[in-house]
Amino acid sequence: SQQGEEDPQALSIQEGENATMNCSYKTSINNLQWYRQNSGRGLVHLILIRSNEREKHSGRLRVTLDTSKKSSSLLITASRAADTASYFCATDRGGNQFYFGTGTSLTVIP
Amino acid sequence: DTAVSQTPKYLVTQMGNDKSIKCEQNLGHDTMYWYKQDSKKFLKIMFSYNNKELIINETVPNRFSPKSPDKAHLNLHINSLELGDSAVYFCASSRRSGTTFFGQGTRLTVV
């Protein structure tokens, strides 16, 4: 299939813990983006990492990209209940071909 | 100010009807998209438009047709709606290989 895959599919942690989600994809990419979707809402862009970058930070978020393994990880540090959402990776293969993974459902327990 | 806005937010309609979902972006982006999110939350790209040119159509039935009156708008028309069309439809926009911004989604229910 053309889309990426996140794992785990579901993750439940205590508030204050770190959450790590992984994304694997199958083809070469221009960039990879992570999105958050709260239940019943739209997607919110979190971070974009280009194919020539290996790591990027934004607040409590850290994203890594390993193009040799065709994988990326999203780390959320010091999680909060408000981080409860589904997280998707999306790969840009160029030519406006943009594909989403299957998502990780994160639950942060207060 | 809303960057990507789509209307309506909810749409309930009977099988066989024809309906449209509107989308507008005020970001000056040159590419707009429509995505379908099924009940398992899987997001699949349906169309993208770049400068009024359709450049992706991912095996979407021809009952679905995007219409772009100008660079800031990409509307989705659906003819002869079927039960399986029930889903959440997201409009999005971006610059080439840039961040993609999404609308809040339209939940379509076909009864």
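Residues numbered from 1 in each chain as written. Chains lettered and ligands numbered in written order. Predicted model: local features only at pLDDT ≥ 70, side-chain atom pairs only at ≥ 80, totals over all residues. Heavy atoms only, no water.

## Things to note about empty space enclosed by the protein
Residue and element names in this part refer to chain B. Definition in use: A 1.4 Å probe that fits into a set of points on a 1 Å grid over the protein atoms alone but cannot get out defines a cavity; an open set with protein on both sides within 12 Å along at least five of seven lines defines a pocket, and lining residues are those with an atom within 4 Å of a point. Grid points are joined across faces, edges and corners, and a volume is the space filled by probe spheres set on the points. Only Asp, Glu, Lys and Arg are considered charged, only Ala, Val, Leu, Ile, Met, Phe, Trp, Tyr, Cys and Pro nonpolar, and every remaining residue, Gly among them, polar.
Counted according to the given criterion, the structure contains two cavities of 30 Å³ or more. Approximately 50 Å³ is the volume attributed to the largest cavity. If you go around the largest cavity, you meet 12 residues; those closest to its centre are D30, M32, Y49, S68 and K71. Looking at the lining of the largest cavity residue by residue, the classes come out as three nonpolar, five polar and four charged.

## Quick notes on unusual backbone geometry
In plain terms, the rule: Numbering of helices and strands runs from the N terminus, with a helix taken as a DSSP run of H or I at least four residues long and a strand as a DSSP run of E at least two residues long.
Cis rather than trans, the peptide bond between D7(A) and P8(A) has omega equal to 0°. Backbone torsion omega between T7(B) and P8(B) reads 0°, so that peptide bond is classified as cis. Here P8(B) shows up in the loop between strand 1 (4-7) and strand 2 (10-13). In this structure, K70(A) takes a positive phi of about 55° despite not being glycine. Among the secondary structure elements, K70(A) is positioned in the loop between strand 7 (61-66) and strand 8 (71-76).

## Focus: the environment of Q9(A)
Residues and elements named next belong to chain A. Short version of the rule: Exposed residues in this analysis have more than 50% of their type's maximum accessible area, buried residues have under 20%, and partly exposed residues fall in between, with area computed by a 1.4 Å probe over protein chains only. Contact criterion: two residues are considered in contact whenever any of their non-hydrogen atoms come within 4.5 Å of each other.
The topology assignment puts Q9 in the loop between strand 1 (5-7) and strand 2 (10-14). The class of Q9 is exposed, set by a relative accessible area of 63%. Placed 47 residues apart in sequence, Q9 and K56 show a C-alpha to C-alpha distance of 23 Å. Among residues more than four places away in sequence, those in contact with Q9 are G103, T104 and S105.

## Regarding the layout of surface pockets
Here the largest pocket defines a volume of roughly 320 Å³. Lining the largest pocket are 21 residues, with G40(A), Q37(B), D38(B), V88(B) and R107(B) positioned closest to its centre. Looking at the lining of the largest pocket, the elements with two or more residues in it are strand 9 (87-94) and strand 11 (106-110) of chain B. The biggest single contributor to the lining of the largest pocket is strand 11 of chain B, with four residues. Residue classes in the lining of the largest pocket are distributed as five nonpolar, 11 polar and five charged. What the second largest pocket holds in volume is close to 200 Å³. Q9(A), T102(A), G103(A), K40(B) and K41(B) are, among the 11 residues lining the second largest pocket, the residues nearest its centre. Secondary structure elements with two or more residues in the lining of the second largest pocket: strand 9 (85-92) and strand 11 (104-109) of chain A.

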